[in-house]
Amino acid sequence: MYPSPVVKTSPAAPAPVRPVADVRRVRRLAAQFRALRDAVAALPDAVVLLDDACRILWLNPAAGTLLGLTRPEHLYTDLCQQLGDSAIGPWLRTGGDAPLDDVPAPHDAQVRLALSLIPVGARQRLLLARDISTRARLEQMRRDFVANVSHELRTPLTVIHGYLELLDPEDVPQLAGVLGDMRGQSKRMAQIVEDLLTLSRLETQSGFSEEPVAMAPLLATLRREAEVLSQGRHRVILENESEADLLGSLKDLHSAFSNLVSNAERYTPSGGSIRIRWERLADGRGAFSVIDTGYGIPAHHISRLTERFYRVSSSRSRELGGTGLGLSIVKHALGMHQAQIQISSEPGQGSTFTALFPGERLLPARAADPGVQP
Ligand code: ADP
């Protein structure tokens, strides 16, 4: 018998044996990761992960319905480029710092979206898009309803007001008081309707024709208006500290500023002062302020003052001829100019309302042009 040949084999390297606890942990993590991925995939909101070059790294199915993006076609493509000059493209390209509300979806203008961009680590960003079409439709219905009702009320009110003006209280002395009340109330109603129409116009207009607004004549007009309203009850001071004019809508800026001035006049008792101030701040922004020494506003009311019909004291506002809509108009008119309103107040001491305009809206002052006077 021949001995069977001896085949020399090198011993196989032993497979690394993971401790059981490690294997369990890896399985648990994988299961958690799948659950998380499935949850994000099931979200009705679009979720898109972008790298620092705006390339799509990951997206969920809702990104298809809301943004028209699908896998695998759009993976690793440049989203900023694809969105081009749509409402979302420029926002995304410039960093999307502030959320974007109520814009048409890129592939279907009937769908309205709210978007936000969240930094993830140092190099990635998460784009979130939510379908707000229902909310936008309801909001549109509300706007249309208010505008239509105001339009419908305008004509009958003008007729009633006209007839009341024709009646002479001396002809019916016993009704003189009643007539005075009726005139006062019809005037108030007409003012509410006018303010509602102004608000509707500001809310619905998407853009406006911008013009250089000469501040010196506008400030002079505001001072004159304040003096007429005040009828000598207040000291009106004008401080024009800036050589700058504004780029914007003369009509809407005048409306916003004169609302602030008439509020200061209304809520400052006789003997107080109203200071109208225009200045360029150190950071380049323009600040228009109305500073009064009036009743002031308790701190907890301040954040709500620009809501429609919000008043600190309803009886005082009505008695003084307020409509409760002035600061809403101010907020909208300033918003169109990317300006913000700042309010500071001390009850019993007075209030300061400041409209802050971005530096890009400031222009070197021109020689006064009588054509642009309000
Ligand atoms: P109104 O027509 O009632 O004045 P606004 O929207 O202009 O409505 O202002 C809302 C509320 O803010 C006012 O009712 C008043 O209570 C308060 N307010 C506005 N401006 C001033 C001010 N300069 N001083 C004190 N309170 C003010």
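Note: the structure precedes this text.
The following paragraphs examine the structure supplied in this document. (Residues numbered from 1 in each chain as written. Predicted model: local features only at pLDDT ≥ 70, side-chain atom pairs only at ≥ 80, totals over all residues. Heavy atoms only, no water.)

Right, let's get into the state of the cysteines. If you walk through the whole model with that rule in mind, you get 1 disulfide. Two residues share a disulfide in this structure: C54 and C80, whose sulfurs sit 1.9 Å from each other. Where C54 bonds to C80 through sulfur, the torsion about that S-S bond is close to 80°, and the disulfide is right-handed. Of this pair, C54 sits in the loop between β1 (46-50) and β2 (56-59) while C80 sits in helix α3 (residues 79-83), and the two are 26 residues apart along the sequence. Like C80, C54 is buried. (Disulfide = S-S within 2.5 Å. Helix = DSSP H or I, 4+ residues; strand = E, 2+ residues; numbered from the N terminus. Buried < 20%, exposed > 50% of the residue type's maximum accessible area, 1.4 Å probe, protein only.)

Now for the packing of helix α7 (residues 215-230) against helix α8 (residues 250-266). The relative placement of two packed helices is expressed as an angle between their axes plus a distance between the axes. Two elements in contact, α7 and α8, have axes whose closest approach is 10 Å; the angle formed by their N-to-C orientations is 35°. Pair α7 / α8 crosses with right-handed handedness. The segment α7 lies against α8, with M215, L218, T221, L222, E225, A226, L229 and S230 engaging L250, H254, F257, S258, V261, S262 and E265. Classifying every residue of the contact of α7 with α8 gives 8 nonpolar, 5 polar and 2 charged. (Axes fitted to C-alpha atoms, helices over the stretch in contact; angles between N-to-C directions. Left-handed = near helix turned anticlockwise from the far one by under 90°. Contact = heavy atoms within 4.5 Å. Nonpolar A, V, L, I, M, F, W, Y, C, P; charged D, E, K, R; others polar.)

Here we come to the pairing of strand β11 (residues 340-346). In this sheet, strand β12 (residues 350-357) lies alongside β11 in antiparallel orientation, the contact comprising 7 bridges. Residue pairing for β12: Q340 is matched across the bridge by L356. Where β11 hands over to β12, the hairpin turn is made up of 3 residues, of which G348 adopts a positive phi near 85°. (Pairing = 2+ DSSP bridges.)

Before going further, it helps to spend a moment on the packing of aromatic side chains. If you walk through the whole model with that rule in mind, you get 3 aromatic pairs. Residues W278 and F357 carry aromatic rings whose centres are separated by 6.3 Å and whose planes lie at 80° to one another, so their mutual orientation is edge-to-face. Of the two residues, W278 sits in strand β9 (residues 273-280) while F357 sits in strand β12, which places them 79 residues apart along the sequence. In terms of burial, W278 and F357 fall into one category: buried. An aromatic cluster of three or more residues is present, and its members are F257, W278, F288 and F357. Directly above the aromatic system of Y295 lies the positively charged group of R316, at a separation of 3.6 Å from the ring centroid. (Phe/Tyr/Trp six-rings, centres within 6.5 Å; stacked < 30°, edge-to-face > 60°. Lys NZ or Arg CZ within 6 Å of the ring centre and 35° of its normal.)

Before going further, it helps to examine the pairing of β1. Look at any regular strand and the pattern is simple: side chains alternate between the two faces of the sheet. Within β1, 5 of the 5 residues are buried, which leaves the element mostly enclosed by the surrounding structure. Sheet analysis places β1 next to strand β5 (residues 124-131), joined by 5 bridges and oriented antiparallel. Its bridge partner being in β5, V47 is matched across the sheet by L128. Remark: 5 residues form the turn of the hairpin made by β1 and β2, two consecutive strands paired antiparallel; C54 in that turn has positive phi of roughly 70°.

With that settled, consider the sheet that holds strand β7 (residues 235-240). Spatial ordering of the open sheet is given by β7-β9-β10-β12-β11, a layout of 5 strands whose pairing is mixed. At either end of the open sheet lies a strand with only one pairing partner, and these are β7 and β11. Between one strand axis and the next, the sheet turns by 10° as a mean value, whatever way the strands run. Running over the sheet, α7 touches β7, β9 and β10 (286-292) and is turned about 175° from β7.

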